[in-house]
Amino acid sequence: MKKIFKVLGLFLIVILLMLILIPFLYQKEIKQKIEKAASEQINGKVTFGDVSVSLLKKFPRASVSIQDFQLISYATNDSSELFKTDQLDLAFDFWNLFTLDKGIEIKSLQLNNPKINIYINPSGKANFDISKSNQTETSTSTPLKLQLSDYKIISADITYKDDSSAILLLIKNMNHNGNGNFDENIVDLNTKTTIDSLSMASGGIKYLNKVKVNSILDVTIDQSKNLYTLKQNNISLNALTLQLIGTTQLFDDGKINMDLKFNSPSNSFKDLFSLIPNAYTKDYNNVKANGNFKLLGSINGDFLSGKLYPSWDFNIDVNNAFLQYPDMPAALEDVNLHIESKNTGPKTTNQSLLINPLHFAVNKKSIDGNLSILQLETDPHISGKLKGDIL
């Protein structure tokens, strides 16, 4: 019996030594694979610090940790930093260590504190369009292949600036994770996302300002068609909850086809009001409010930055609403509002905005008005009125 335990002990020691030593044997080769992938596949410059390999961190998978990874894009005339992260963690099957000549199939990915800067110049050229055009389909091997089953993004900051469409999107401290079997053509992807601050502006108008986001989103992906079908989902913007259904399809030329509908399952005016800039305060739960609203919208058609725009139809109705902050003597009362925004694609020349009615009272003093803007972008036809006593 002692001899059996001795043999088992020696066997475990050998296994442990293999788990510790094998990564060091392949560490240099894996680093070379990463450098090769960058030089062959990317129109840009990749730099990174230390690379470490482990068989214990993600056991039974092998894992690679890359420090201070940075990607500079050469896609636009001025070189710009597209991506950097404090640490990039990759995981792949253990047996892949012995077939590195055929490339590395990445099964899991994690980004720690990434900074992502997406830029589209006035002519529509994007800094993320970094795939080298001289790659041939006859290439016998690819140094790195994404075959993800799960991924995680921790504390990301993202900037999206589109000068061709005058769109600016700022995301601060995003945490996101997803899982699905990307080995199959049809992937059921389950995701969770939180964002501390989301801001969005278009044409100089700020639509969202430092909004908190929570999202649970399930998507079916047809990888052969780049088709994304939204399934069960729950998205909250501050206190407002949204549901989104439909499909999105991506094309090689950068075009995005959308067929989406959204609504708000809640109908509390207080939830809608939370999206007003600076309205969502720490004590927002203590705000007194009543009244209801209805939010419906649809987006249908193609989007190609600076060239094609989808049709859309957004409607917001507020009826007999009231709201008052703690320790504030004045209240917002008798709110009745209808807002309608429409566009008929594929251009934005037929974009319109209608607000009618607009009615509310502060300290029992009423404000009434309406607004109509046709051909909003090209040749605006504006009519409206505002009547009330604000003193």
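Just so we're clear, the structure is a prediction, and the values are computed from it rather than from any experiment. Positions within a chain are numbered from 1, following the residues in the order the chain's sequence is written. Reporting of local features is limited, given that this is a predicted model, to residues whose pLDDT is at least 70; pairs of side-chain atoms are given and counted only at 80 or more, and all residues count toward the totals for whole chains, interfaces and linings. Calculated side-chain values reflect all of the structure's heavy atoms, with hydrogen atoms and water omitted.

Draft legend 1. How the structure looks around the overall build of the protein. Going along the chain from the N terminus, every DSSP run of H or I of four or more residues is numbered as a helix, and every run of E of two or more is numbered as a strand. Within the protein, the secondary structure is distributed over two helices and 19 strands. Residue burial in the protein is summarised as follows: out of 391 residues, 39% are buried. For the protein, contacts bridging at least 24 residues in sequence account for 52% of all contacts bridging at least 6. Here the Shrake-Rupley method, with its probe set to 1.4 Å, supplies the accessible areas, and only the displayed protein chains count as covering residues. Total accessible area on the protein stands at roughly 22600 Å², and carbon and sulfur atoms take up 56% of it. Relative accessibility decides the category of a residue: with a 1.4 Å probe and only protein chains considered, values under 20% of the type maximum give buried, values over 50% give exposed, and everything between is partly exposed. The contact rule is simple, with two residues in contact once any of their heavy atoms fall within 4.5 Å.

Draft legend 2. Layout of the nonpolar core. To qualify as a nonpolar core, a set must consist of buried Ala, Val, Leu, Ile, Met, Phe, Trp, Tyr and Cys residues joined through side-chain atoms within 4.5 Å. Within the largest apolar cluster, 68 residues are counted, with the highest numbers of intra-cluster contacts made by Ile-66, Phe-69, Leu-71, Phe-269 and Val-318. Element by element, the count of residues in this core is highest for strand β10 (residues 205-222), at six residues.

Draft legend 3. Fine view of the confidence of the model for the protein. Per-residue confidence from the predictor is reported as pLDDT, a score between 0 and 100. Taken residue by residue, the protein gives an average pLDDT of 82. The fraction at 70 or more is 82%. When pLDDT is averaged over each helix and strand of the protein, the minimum, 51, is found for helix α1 (residues 2-41) and the maximum, 95, for strand β8 (residues 167-179). Across residues 1-22, confidence stays below pLDDT 50; counting only partners more than four residues off in sequence or on other chains, it has eight contacts. In the model, residues 136-141 has pLDDT below 50 throughout and makes two contacts with residues more than four positions away in sequence or in other chains.

Draft legend 4. Broad picture of unusual backbone geometry. Looking along the chain, the bond that leaves Gly-345 and enters Pro-346 is cis, with omega of 10°. Note that Pro-346 resides in the loop between β16 (332-343) and β17 (352-362). A cis amide bond, omega 5°, links Asn-356 with the succeeding residue Pro-357. Within the secondary structure, Pro-357 is located in strand β17. The phi torsion at Asn-238 lies on the positive side, around 55°, for a residue other than glycine. Structurally, Asn-238 can be placed in the loop between β11 (227-237) and β12 (240-250). Looking at Asn-238, the relative accessible area reads 10%, which means it is buried. The phi dihedral of Asp-334 is positive, around 50°, even though this residue is not glycine. Relative to the helices and strands, Asp-334 resides in strand β16.

Draft legend 5. Up close: the environment of Thr-348. Here Thr-348 lies in the loop between β16 and β17. It is 8.2 Å that separates the C-alpha atoms of Thr-348 and Thr-378, two residues lying 30 residues apart in sequence. For Thr-348, the contacting residues outside a window of four places in its chain are Tyr-309, Trp-312, Asn-343 and Glu-377.

Draft legend 6. Examining the pattern of salt bridges more closely. A side-chain nitrogen of Lys or Arg and a carboxyl oxygen of Asp or Glu constitute a salt bridge if their distance falls within 4 Å. Counted according to the given criterion, the structure contains six salt bridges. The closest approach of N and O atoms between Asp-188 and Lys-231, which form a salt bridge, is 3.6 Å. Of this pair, Asp-188 sits in strand β9 (residues 186-202) while Lys-231 is found in strand β11, placing the two residues 43 residues apart along the sequence. Looking at Lys-231, the relative accessible area reads 39%, which means it is partly exposed. Across the salt bridge formed by Lys-342 and Glu-340, the nearest N and O atoms sit 3.6 Å from each other.

Draft legend 7. Examining the side chain of Asn-127 more closely. Structurally, Asn-127 is set in the loop between β6 (115-120) and β7 (144-162). Overall, the relative accessible area of 1% leaves Asn-127 in the buried class. By the criterion applied in these results, polar contacts are pairs of N or O atoms within 3.5 Å in which, for protein atoms, one can donate a hydrogen and the other can accept it, and in which residues neighboring in sequence qualify only through two side-chain atoms. At 3.0 Å, the side chain of Asn-127 and the backbone oxygen of Asn-117 are in polar contact. For Asn-127, the residues in contact, after removing those within four places along its chain, are Ser-73, Ala-75, Thr-76, Ser-80, Leu-82, Asn-117, Ile-118 and Tyr-119.

Draft legend 8. View of the environment of Ser-266. With respect to the secondary-structure elements, Ser-266 resides in the loop between β13 (256-263) and α2 (269-273). Sequence separation of Ser-266 and Gln-243 is 23 residues, and the distance between their C-alpha atoms is 10.0 Å. Not counting residues up to four positions away in its chain, the partners in contact with Ser-266 are Leu-240, Thr-241, Asp-271 and Phe-293.

Draft legend 9. Local environment of the packing of aromatic side chains. Working definition: rings of Phe, Tyr and Trp (its six-membered ring) pair if their centres are within 6.5 Å, and the pair is stacked with planes under 30 degrees apart, edge-to-face with planes over 60 apart, and tilted otherwise. Applying the stated criterion to the full structure yields eight aromatic pairs. Their ring planes at 65° and their centres at 6.3 Å tell us that Tyr-284 and Tyr-325 sit as a pair that is edge-to-face. Of this pair, Tyr-284 sits in the loop between α2 and β14 (288-303) while Tyr-325 sits in the loop between β15 (311-324) and β16; the two residues are 41 residues apart in sequence, bridging distant segments of the chain. Owing to a relative accessible area of 3%, Tyr-284 belongs among the buried residues under this scheme. Consider the rings of Phe-303 and Tyr-309, whose centres lie 5.8 Å apart with planes at 70°: the pair is edge-to-face.

Draft legend 10. Quick peek at the pairing of β9. Sheet topology note: the β8/β9 ladder contains 12 bridges and is antiparallel. Paired with Lys-172 across the strands is Ser-197, a residue of β9. The antiparallel pairing of β8 with β9 creates a hairpin that spans six residues between the two strands. At least two bridges found by DSSP between two strands is the condition for calling them paired. Across 14 bridges, β9 lies against β10 in antiparallel orientation. Bridge pairing in β10 places Ala-201 opposite Lys-206. A loop of two residues connects β9 with β10, the two strands running antiparallel in sequence, and Gly-203 in this loop sits at a positive phi of about 60°.

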